[in-house]
Amino acid sequence: MTPDRTPVKLILDTDPGGDDIFALFWIQSLVKQGFADLVAVTTAEGNVPAEYTFNAACQILDLGDLENVPVGRGVDVPFKQFSDASHIHGPDGMGNLSRTLPEIGQSFADAPFSDELLIEKLEEQPGAITIVAIAPLNNLAAAEAKKPGILTLAREIIIMGGAFQIQGNVTPCAEFNIAFNPQAAERVFDSRNDLVIFPLDVTRQLVFTRNIMEQIVQVNPQGQLTQFMKELAEFLTQSSLQYRETKGEYGFLVHDALTLAYLFYPETLRFSRARVSIETKGEFTKGQTLIDWRHSPKETANAWVAVDVDVPGFFTCLLEDLKTLVGITID
Ligand SMILES: [Ca+2]
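Residues numbered from 1 in each chain as written. Predicted model: local features only at pLDDT ≥ 70, side-chain atom pairs only at ≥ 80, totals over all residues.

A. Fine view of the nonpolar core. By size, the foremost hydrophobic cluster in this structure holds 108 residues, and its most contacted members are W26, I27, A133 and I197. Residue contacts for W26: discarding those within four places in its chain leaves A257, L260, L318, D321 and L322. (Core = buried A, V, L, I, M, F, W, Y, C linked by C-beta atoms within 7 Å. Buried ≥ 20, exposed ≤ 12 C-beta atoms within 10 Å, placed from the backbone. Contact = placed C-beta atoms within 7 Å.)

In structure tokens form, the structure reads like this:
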């Protein structure tokens with residue numbers, strides 16, 4: 001039997017964001033190898049304001065010769081629960097490195113809003129496109145509010161978000177993507193019963209080390225993409241150490257990239273079926289994600305939650321694909 005090599009159609013909903021950019025680099029490699037088809041990128045307000053996430057996504061797509069992929073601008077978020085994460089990712093979302101890349105040709109003011117772009121693409125190809133959501137869920141929720149049921153037209157929805165049996169990263173209880181806009185998260189989590197969730201419980205295990213970066217550099221030491229990747233990794237490493245995210249290990253966490261392992265390297269993951277609920281009201285617990293792990297009859301489950309990752313296996317796949325990307329990109 002001939003293996004199914006039809007590229008996986010993706011929309012990436014993202015708020016670059018350093019680890020978002022490494023996820024986007026991984027997608028670029030998979031696109032160039034014929035495994036993925038990037039239908040659109042819908043940027044979101046989150047790590048930094050919407051104009052900066054839009055600019056960062058466009059610059060990274062240009063860097064990988066994917067400037068023809070449509071990019072949406074993040075919907076407005078009037079009632080933010082938390083400030084952004086520019087202290088981690090730099091004011092431009094990419095470690096102040098935006099100045100090292102060419103200015104983009106796209107206009108933020110003229111770009112379609114991300115919820116409109118999601119609706120357009122999902123209606124064009126119902127059941128065919130997988131949404132990889134690695135940002136606060138503002139855009140997905142806005143699309144669902146405008147067109148109830150629209151999210152069921154996605155083939156699957158894969159989300160980086162939440163913290164279940166460990167502490168959060170913006171409060172003791174809450175993870176950033178959910179805490180930034182808990183009402184949006186609640187709407188998305190109520191939209192279908194087969195969401196795929198990657199919480200901090202598993203993503204915190206993924207320290208992208210200097211050793212991994214060095215192996216990539218050796219493939220094409222002088223390449224523009226290699227140099228950018230190396231400088232971004234160094235920036236993220238320093239801010240991760242400062243904020244004690246890696247237990248002192250010299251590296252940074254690639255939370256967002258794990259969503260792609262599910263699609264392309266599923267042997268590295270294990271899941272639990274669960275009902276995930278979002279706390280939208282608590283004074284100290286707003287944005288918390290909850291699963292009732294007790295052995296008792298449950299309400300209908302709505303998600304597959306990642307509970308285990310083969311860390312060396314994951315990095316083997318990511319490393320080889322990033323080596324391929326820097327090796328084939330012509331500078
Ligand atoms: Ca992100």
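B. Spatial organisation of the sheet that holds strand 9 (residues 269-274). Judged by pairing direction, the sheet is mixed, and its eight strands sit side by side in the order 3-2-1-4-5-6-12-9 without closing on themselves. Here the strands that pair on one side only, and so sit at the sheet edges, are strand 3 (71-72) and strand 9. Two strands pair when backbone bridges link them, and strand 9 and strand 12 (residues 303-309) are joined in this way by six bridges, in the antiparallel orientation. By the bridge assignment, L269 is partnered in strand 12 with V309. (Pairing = 2+ DSSP bridges. Helix = DSSP H or I, 4+ residues; strand = E, 2+ residues; numbered from the N terminus.)

C. The packing of helix 9 (residues 210-217) against helix 12 (residues 311-328), seen in detail. Closest axis-to-axis distance for the helix 9/helix 12 pair is 9 Å, and the angle between their directions is 30 degrees. Taken together, the axes of helix 9 and helix 12 are roughly parallel relative to one another. The two elements helix 9 and helix 12 cross, and the hand of that crossing is right-handed. Every residue of helix 12 that contacts helix 9 at I212, Q215 and I216 is listed here: F315, L319, L322, K323 and V326. Its residues assigned to classes, the contact of helix 9 with helix 12 comprises six nonpolar, one polar and one charged. (Axes fitted to C-alpha atoms, helices over the stretch in contact; angles between N-to-C directions. Parallel < 35°, antiparallel > 145°, perpendicular 65-115°, else oblique. Left-handed = near helix turned anticlockwise from the far one by under 90°. Nonpolar A, V, L, I, M, F, W, Y, C, P; charged D, E, K, R; others polar.)

D. Broad picture of helix 4 (residues 114-124). Looking at helix 4, one finds that the buried residues are S114, D115, L117, L118, I119, K121 and L122. Structurally, helix 4 contributes buried residues whose contacts are with strand 1 (8-14), strand 2 (36-43), strand 3 and helix 5 (138-146).

E. Region of interest: the pairing of strand 4 (residues 130-134). With five of five residues buried, strand 4 is to be regarded as a mostly interior element. Residues T130, V132 and I134 line one face of strand 4 and the alternating positions I131 and A133 line the opposite face, and both faces are buried. Pairing geometry for strand 1 and strand 4, over five bridges, is parallel. Counterpart to I11 in the pairing with strand 4 is I131. Inspection of the sheet shows strand 4 paired to strand 5 (residues 156-160) by four bridges, in the parallel sense. Looking at strand 5, one finds that I131 is bridged to I157.

Such coordinate-based values are descriptive only and should not be taken to indicate function.
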